[in-house]
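One-letter residues, chain by chain:
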Amino acid sequence: MKIFSAQQIYEADKSTIKKEQITSEALMERAASQLFEWVHSRLRGTQVNIVLFCGIGNNGGDGMVLARMLHEHGYSTKVYVVNYSDKRSEDFLLNLNRLKEAEVWPDFINESIEMPELSPNDIIVDAIFGIGLNRPPAPWLGKLIQHINASQAFVLSVDIPSGLPMDREPWDPSHVIQSSYVLTFQVPKLVFFLPKTGIYVNQWEVLDIGLDQEYLSKTDTDFELIGRPEVLPLYRPRLKFSHKGTYGHSLIVGGSYGKIGAVQLASNACLSVGSGLVTAYVPKCGYHSLQTAIPEVMVLTDSDEENISQIELPFEPTVIGVGIGIGLNEKTASAFGALLKSVAASMVIDADGLNILSQNPELLKDVPELSVLTPHPKELERLIGKWDSDFEKLEKTKAFSSQYNVAVVIKGAHSIIIYKDKGYVNTTGNPGMATAGSGDVLTGMLTGLIAQGYPPLEATIFGVYLHGLAGDLAASTLGYEATKASKIIENIGSAYSELFRQPEQNAQENN
Ligand SMILES: NC(=O)C1=CN([C@@H]2O[C@H](COP(=O)(O)OP(=O)(O)OC[C@H]3O[C@@H](n4cnc5c(N)ncnc54)[C@H](O)[C@@H]3O)[C@@H](O)[C@H]2O)[C@@H](O)CC1
Ligand SMILES: [K+]
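Per an unreviewed UniProt entry, the chain carries the name Bifunctional NAD(P)H-hydrate repair enzyme and comes from Flagellimonas zhangzhouensis. Its UniProt record gives the chain a comment under Subunit (unreviewed entry), which states: "Homotetramer."

Counting its regular elements, the chain contains 17 helices and 18 strands. Its C-alpha atoms give the chain a radius of gyration of 26 Å, within 12% of the compact-globule value 24 Å for 511 residues. Considering only residue pairs separated by 6 or more positions, the chain has 74% of its internal contacts joining residues 24 or more positions apart.

What follows concerns the UniProt feature "binding site: AMP" (unreviewed entry) in the chain. As annotated by UniProt and renumbered to match this structure, "binding site: AMP" (unreviewed entry) occupies Lys411, Gly412, Ala413, His414, Ser415 and Gly439. These residues run over 29 residues, yet every pair of their C-alpha atoms falls within 13.9 Å of each other. The class for glycine 412 is partly exposed, based on 18 C-beta atoms found within 10 Å. Among residues more than four places away in sequence, those in contact with glycine 412 are Pro195 and Pro377.

Our next topic: the sheet that holds strand S2 (residues 49-54). Taken in spatial order, the seven strands line up as S4-S3-S2-S5-S6-S7-S8 in an open sheet, and their pairing is parallel. Two strands lie at the open edges of the sheet, namely strand S4 (107-109) and strand S8 (201-207), each paired on one side alone. Ignoring which end each strand starts from, the neighbouring axes of this sheet average 25° apart. As judged from the three bridges shared by strand S6 (residues 154-158) and strand S7 (residues 179-185), these two strands associate in the parallel manner. Looking across to S7, one finds that serine 157 is bridged to valine 182. The sheet contacts of helix H3 (residues 58-72) involve S2, strand S3 (76-82), strand S5 (123-127) and S6, and relative to S2 the element is tilted by about 155°.

By way of backbone hydrogen bonds, the strands of a sheet pair with one another, either parallel or antiparallel. Taken together, the 11 strands give an open sheet; going across it, the order is S1-S9-S18-S17-S16-S15-S14-S13-S10-S11-S12, and neighbouring strands pair in mixed fashion. Two strands close off the open sheet at either side, each with one partner strand: strand S1 (2-3) and strand S12 (298-301). With three bridges joining them, strand S13 (residues 319-322) and strand S14 (residues 347-349) adopt parallel strand pairing. Within S14, the residue paired with isoleucine 320 across the bridge is methionine 347.

Interhelical geometry of H3 versus helix H4 (residues 90-101) gives an angle of 20° and a closest axis separation of 8 Å. The orientation of H3 relative to H4 falls into the category roughly parallel. With respect to the hand of their crossing, H3 and H4 are arranged in left-handed fashion. Within the contact between the two elements, H3 uses Asn58, Gly60, Gly61, Met64, Val65, Ala67 and Arg68 and H4 uses Asp91, Phe92, Asn95, Leu96, Arg98 and Leu99. Its residues assigned to classes, the contact of H3 with H4 shows six nonpolar, four polar and three charged.

Before going further, it helps to spend a moment on helix H14 (residues 438-451). With 14 residues, H14 extends 20 Å from end C-alpha to end C-alpha; this agrees with the ideal 20 Å at 1.5 Å per step. Burial analysis of H14 places 14 of its 14 residues in the buried class, the great majority of the element. Phi for glycine 453, located one or two positions after H14, is positive at around 105°.

Most of strand S11 (residues 277-282) sits out of view: six of its six residues are buried. Burial along S11 is two-sided: Leu277, Thr279 and Tyr281 facing one way and Val278, Ala280 and Val282 facing the other are all buried. Pairing between strand S10 (residues 249-253) and S11: five bridges, direction parallel. By the bridge assignment, valine 253 is partnered in S11 with tyrosine 281. Bridging between S11 and S12 involves four bridges; their strand directions are parallel. Across the sheet, residue alanine 280 finds its bridge partner in S12, namely valine 299. With respect to chirality, the unit in which S11 leads through helix H9 (residues 287-293) into the neighbouring parallel S12 is right-handed.

What counts as what
Residues numbered from 1 in each chain as written. Chains lettered and ligands numbered in written order. Predicted model: local features only at pLDDT ≥ 70, side-chain atom pairs only at ≥ 80, totals over all residues. UniProt positions renumbered as here; feature names shortened; annotations may be inferred. Helix = DSSP H or I, 4+ residues; strand = E, 2+ residues; numbered from the N terminus. Rg over C-alpha atoms; globule rule 2.2 N^0.38 Å. Contact = placed C-beta atoms within 7 Å. Buried ≥ 20, exposed ≤ 12 C-beta atoms within 10 Å, placed from the backbone. Pairing = 2+ DSSP bridges. Axes fitted to C-alpha atoms, helices over the stretch in contact; angles between N-to-C directions. Parallel < 35°, antiparallel > 145°, perpendicular 65-115°, else oblique. Left-handed = near helix turned anticlockwise from the far one by under 90°. Nonpolar A, V, L, I, M, F, W, Y, C, P; charged D, E, K, R; others polar. Expected span 1.5 Å × (residues − 1). Right-handed = clockwise from strand over helix to strand, strands pointing away.

Printed below as a string of structure tokens:
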């Protein structure tokens, strides 16, 4: 699913209005009826207090229409107009009048008014600001937002949590609505998925308000949300008349004394995702444990007992996964540098492989094109330098990716894959996967997918999604705390099956 910018959403609105020859207030009515249907189908007339805070722009206009519809269906509503400007939008004004005609009299809140009383049992509708927020909310608005956040009530945000800008981090982190649920119009918003801005969104759902499909499908976006519909077409079925050679020979290079387990996890994941053959290259000390733990994996050893010191390969691997548990020993760094020079195949580079690159940036030019780098935030910072915001981080990673023609997986709650100018935001995974070795599993999976002939970028999108899905399946029986890396591997097979499971009817995609 494409992730559009605010500008593009306004364009889509305009194009819909023009093509369908409808008025903007008819589009607002359509959007708000979707909101109403959502609320009504859940509450079914239950008598709870619904408190609506509406701004004076079109987000507030949506709130006004919703208030009218709720009132007409017998719900108990209290409407506040948050009067932060006298530049009221036309559609807001129109719907304010319609609300009054329906004999609902809103209270106006401004700087000099006391904060309204709220109860934890209320349902609060947050329609103060939408995607039009373009400067810091005034201090009194900030206070109102803090007051709403402190109420412990369920907060339903219209389109986006009020106070959250679309293209930057908030000016003051406490001046943003903490939403229980966001009903967002037509398309998901990038800020729902970034670490510093996604924290305001507990759950979200897209409401289809029928914006111009032609515009939406023709327009390129900088980001895409990766769910099952995006991943399924990437799947490469196994052929009946195939053999292990069809699915590639992966090489996993890594490990040092005390860190052989990382190679074990990566090799096992690589096999479990479907690589035809897997060879692990480790220091001598890893030989017995690896041979014992995974009989399917072949093992080559370095001449050094504890560290990798010189990589000599008696075969040509299809792809190399390198860096896990490798350490920062000088001999290892030069062996890694020599490996980069001698191999043309794509690589998946992780952990200390990445740290060696940041310590020796001259090696970056030798990284084979279309390789995949999988840094966690600290490793990324060492590669691209510090960033001021999540947005700058994305821009810097895009520049890095273009410069070296590599895909970069920014690992996190929503891992984002950057390739050149485009970002792919993953939707699977859970906090249980924040555990030792989970990155080693990802490295093995990506390596194993490339081995099978998935082009590296597709392997990365597919693999990051499948890794998260395997983690979700593991957590569904074990819970977050007991989910560990080896359990993610055990669920790779079920994750493949899950991909092909028929979705339940009307299933909604939530975060
Ligand atoms: N036709 C459309 O454009 C549709 C728009 N819809 C709603 O319209 C929203 C966008 O509406 P608007 O563009 O009116 O913007 P908002 O309702 O988000 O904000 C209202 C206005 O406040 C001003 N403003 C921004 N930051 C401010 C600040 N810190 N303090 C004071 N004033 C500030 C801006 O001039 C902005 O236009 C969407 O989020 C969505 O809820 C929906 O009704 C669907 C259709
Ligand atoms: K809002």
